[in-house]
Amino acid sequence: MPMSASSPVMLVLAALCCLLLHSADASVHDYTGERFAALGNAFVLNGGSEGVYASPAADSFIRFEKVAFKRTPESAAAAEEDGSRTVTITAVVSEDAAVTGARALCCTPDMARRGACTEGSLVHRAPNGTASGSWPKVLSASFLPGALEAAFPDETVAVSRTGMYSLRFVHCDASLDVAAEGKTIWKNSRGYGYLPGRMAPLLAFYGAMSLAFAALAAFWFFRYTRFWREVVPLQNLVTVVIALGMVEVTTWYLDLAEFGESGVRPAGTTFWAATAGAVRRTVSRVLVLLVAMGYGVVRPTFSGGGGAGARVAALGASFFAASEALEVGDHVGAVSDHDHSRTRRLFLVLTVAALDAAFICWIFAALSRTIGRLKARRMAAKVEMYRRLATSLTIGVAVSLGWITFEVHFKSTDGYHSERWRVAWVIPAVWQLISFALLCAICLVWAPSHDSTRLCSDECGDDDGEDVEDGARPLMIRPGPLSYVDNWACYVTQDAKIILRTDSGVYAKAGEEDKRV
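Residues numbered from 1 in each chain as written. Predicted model: local features only at pLDDT ≥ 70, side-chain atom pairs only at ≥ 80, totals over all residues. Heavy atoms only, no water.

1. Some points on the packing of aromatic side chains
Line of reasoning, step 1. Following the criterion strictly, the structure yields 14 aromatic pairs and no others.
Line of reasoning, step 2. When the ring of Phe-69 is compared with that of Phe-152, the centres are 5.9 Å apart and the planes differ by 70°; the resulting orientation is edge-to-face. Here Phe-69, found in strand E4 (residues 61–71), pairs with Phe-152, found in the loop between strand E7 (149–151) and strand E8 (156–158); they are 83 residues apart in sequence, far enough to count as distant. (Phe/Tyr/Trp six-rings, centres within 6.5 Å; stacked < 30°, edge-to-face > 60°. Helix = DSSP H or I, 4+ residues; strand = E, 2+ residues; numbered from the N terminus.)

Set out below in structure tokens:
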């Protein structure tokens, strides 16, 4: 039994509402009950990881505000039974992941016997290449005997050098069961405010993209109003895509601007920006597919034989559901790569990629059939138009495959946590540029003009089914002599009737005036 096209959309909207209600993380990193995870012989809680731009004014910092840890009464009782010892939690702010990369984070008995450290204490070292011995920054909070809470002082760690900084809380007591609360505030310089370093250049990029979409919209609006009498339904769909693109990039710009100003990412603005992007990508793919199948050019309406309309709707709804879940999960309330589940994201990425591949295969197969039909009817102008569309799509797919390869390499080599974090913003920016370039190509090919009616399907109104081959249905004509223009082709049917076909259609003469068949 086929699934209703709206079913996946309803499911994803319900899930996204729950996600939106629970998303509160931002460049102000809140800790609300997070717990430690075992790593080597220690227990680690990731407190944040961001690229920070420094400046001579020394206005970049990482600030601790009311950061505390609460342990259970059982943990406190276990510590008292062990001799009322004091349990310490250490916060380490480093310029790289050197702390988590060590083989032994906590001092072992062998290391203690050599006098290298005190057994049970944290072992840390300065990252390679650090000129000053003041890094990493280490803060400590201790549970006094019988106490259930250990609090860090409200301290500000100044950042004087641009780099990727990580905050991790570490302890070495296997019996300690604690939960974190409080927050840390991360601030950039260079006018970026509270934007994370790898996202900061996107503010200017989306500002530029807003202007680019405004210019494209002005061009399209001028042509649309000038030739409004010749506008065809296909061009109305292009107008919708341009409007969605403008909404998307403008909302992203507003999202990042508010994020940088307040330090808290606005969940509502981010949600609508991600949703606008998912809708725009879905409508764009459906639009190109309909054009490739000949809607508005080969057939006047999209009836589609064999349930093609239902299949297009189902594929579009599934793509929107997967793309929406991926975009909202990646962006709403998220700052660093640690803010979402890698397993969940991998599943959504593969789902979106599979649906994208289905769109691409269907589009090129439909393009091939449509161009073949137009060639058989000697419609040279439309053949050339579809060839230009096919060329643009081929270039777009080739560039996308190349960029996917680069993105996989970039992320697999830990580009977000090396010095390459400064260019990480280029990854989403190039995807925006590719989609914008394809939209511009479509706008140039299908721009409203005085001869926009060449896109209409009057000449081919007899082709209603997607999967019906040319010649599979007999061509029904009225009795009477045929009239034709200079560019014509001659066909002979099985019952010995002669049919003349031109680029403008087939005409039969009835009475004193020519009438369209």
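2. Observations concerning the sheet that holds strand E9 (residues 163–171)
Line of reasoning, step 1. Across the sheet, five strands lie side by side as E2-E3-E9-E5-E6; this open sheet has antiparallel pairing. Two strands in the sheet have a free side with no partner beyond their single neighbour: strand E2 (37–39) and strand E6 (137–143). Taking each pair of neighbouring strands and ignoring which way they run, the sheet shows an average axis angle of 35°.
Line of reasoning, step 2. Pairing of strand E3 (residues 42–52) with E9, which is carried by nine bridges, proceeds in the antiparallel orientation. Opposite Ser-49, over in E9, you have Ser-166 as the bridge partner. (Pairing = 2+ DSSP bridges. Axes fitted to C-alpha atoms, helices over the stretch in contact; angles between N-to-C directions.)

3. Quick look at the state of the cysteines
Line of reasoning, step 1. One pass over the structure, following the stated rule, counts one disulfide.
Line of reasoning, step 2. Between the sulfur atoms of Cys-106 and its disulfide mate Cys-172 the distance is 1.9 Å. Since a negative S-S torsion denotes a left-handed disulfide, the Cys-106-Cys-172 link at about -90° is left-handed. Residue Cys-106 is located in the loop between helix H3 (98–101) and helix H4 (109–113), and its partner Cys-172 is located in the loop between E9 and strand E10 (178–187); the two are separated by 66 residues in the primary sequence.
Line of reasoning, step 3. Assessed through its relative accessible area of 24%, Cys-172 is described here as partly exposed. (Disulfide = S-S within 2.5 Å. Buried < 20%, exposed > 50% of the residue type's maximum accessible area, 1.4 Å probe, protein only.)

4. A look at unusual backbone geometry
Line of reasoning, step 1. Positioned with a positive phi, Lys-66 is a non-glycine residue whose angle comes to about 55°.
Line of reasoning, step 2. Following the sequence through the fold, Lys-66 ends up in strand E4.
Line of reasoning, step 3. For Arg-378, which is not glycine, the phi torsion reads 60° and is therefore positive.
Line of reasoning, step 4. For Arg-378, the location among the structural elements is in the loop between helix H9 (342–376) and helix H10 (380–412).

5. Here we look at the pairing of E4
Line of reasoning, step 1. Across three bridges, the pairing between E4 and E8 is antiparallel. Bridging across to E8, Arg-63 finds its partner in Thr-156.
Line of reasoning, step 2. Sheet topology places E4 next to E10; nine bridges connect them, and they run antiparallel. Within E10, the residue paired with Ala-68 across the bridge is Glu-181.
Line of reasoning, step 3. Bridge analysis of E4 against E7 gives three bridges, and the strand direction is antiparallel. Paired with Ala-68 across the strands is Ala-151, a residue of E7.

6. Looking at the nonpolar core
Side chains of a nonpolar character, in soluble globular proteins, are inclined to be buried together.
Line of reasoning, step 1. Counting residues in hydrophobic clusters, the biggest one holds 67 residues, and the most contacted among them are Ile-242, Leu-367 and Trp-446.
Line of reasoning, step 2. For this core, the secondary-structure elements that each account for two or more residues are helix H5 (201–226), helix H6 (233–262), helix H7 (267–292), helix H8 (308–331), H9, H10 and helix H11 (426–445).
Line of reasoning, step 3. Take this core: its biggest share by element is 11 residues, from H7.
Line of reasoning, step 4. One finds Phe-36, Leu-45, Trp-135 and Phe-143 within the second-largest nonpolar core, a separate group that totals 28 residues. (Core = buried A, V, L, I, M, F, W, Y, C linked by side-chain atoms within 4.5 Å.)

7. Brief notes about H11
Line of reasoning, step 1. For H11, spanning 20 residues, the distance from its first C-alpha to its last is 28 Å, which sits close to the expected 28 Å at 1.5 Å a residue.
Line of reasoning, step 2. Residues Ile-427, Ala-429, Val-430, Gln-432, Ile-434, Phe-436, Leu-439, Ala-441, Ile-442, Cys-443 and Val-445 constitute the buried set of H11. (Expected span 1.5 Å × (residues − 1).)

8. Quick word on the pattern of salt bridges
Line of reasoning, step 1. Enumeration over the complete set of coordinates arrives at eight salt bridges.
Line of reasoning, step 2. Note that Glu-327 is salt-bridged to Arg-281, the shortest N-O span being 3.6 Å. Of this pair, Glu-327 sits in helix H8 while Arg-281 sits in helix H7, placing them 46 residues apart in sequence. Note on accessibility: Glu-327 and Arg-281 belong to one class, buried.
Line of reasoning, step 3. It is possible to trace a salt-bridge network through shared partners that takes in Glu-248, Arg-280, Arg-281 and Glu-327. (Salt bridge = Lys/Arg side-chain N within 4 Å of Asp/Glu carboxyl O.)

9. Brief notes about the packing of H6 against H7
Line of reasoning, step 1. The interhelical angle for the contact between H6 and H7, taken along N-to-C directions, is 155°, at an axis separation of 8 Å. In terms of axis orientation, H6 runs roughly antiparallel to H7. Note that H6 runs across H7; the crossing there is left-handed.
Line of reasoning, step 2. Split by residue class, the contact of H6 with H7 holds 18 nonpolar, six polar and five charged. (Parallel < 35°, antiparallel > 145°, perpendicular 65-115°, else oblique. Left-handed = near helix turned anticlockwise from the far one by under 90°. Nonpolar A, V, L, I, M, F, W, Y, C, P; charged D, E, K, R; others polar.)

10. Description of the pairing of E9
Line of reasoning, step 1. E9 sits mainly inside the fold: nine of its nine residues count as buried.
Line of reasoning, step 2. Summarising the sheet, strand E5 (residues 87–94) and E9 pair through five bridges and their orientation is antiparallel. The residue bridging Thr-90 from the neighbouring strand is Val-170, located in E9.

11. With respect to H6
Line of reasoning, step 1. Here H6 is 30 residues long and its end C-alpha atoms lie 44 Å apart, about the 44 Å a rise of 1.5 Å per residue gives.
Line of reasoning, step 2. Phi turns positive, to about 85°, at Gly-263, one or two residues after H6.

All we've got here are geometric facts, nothing functional implied.
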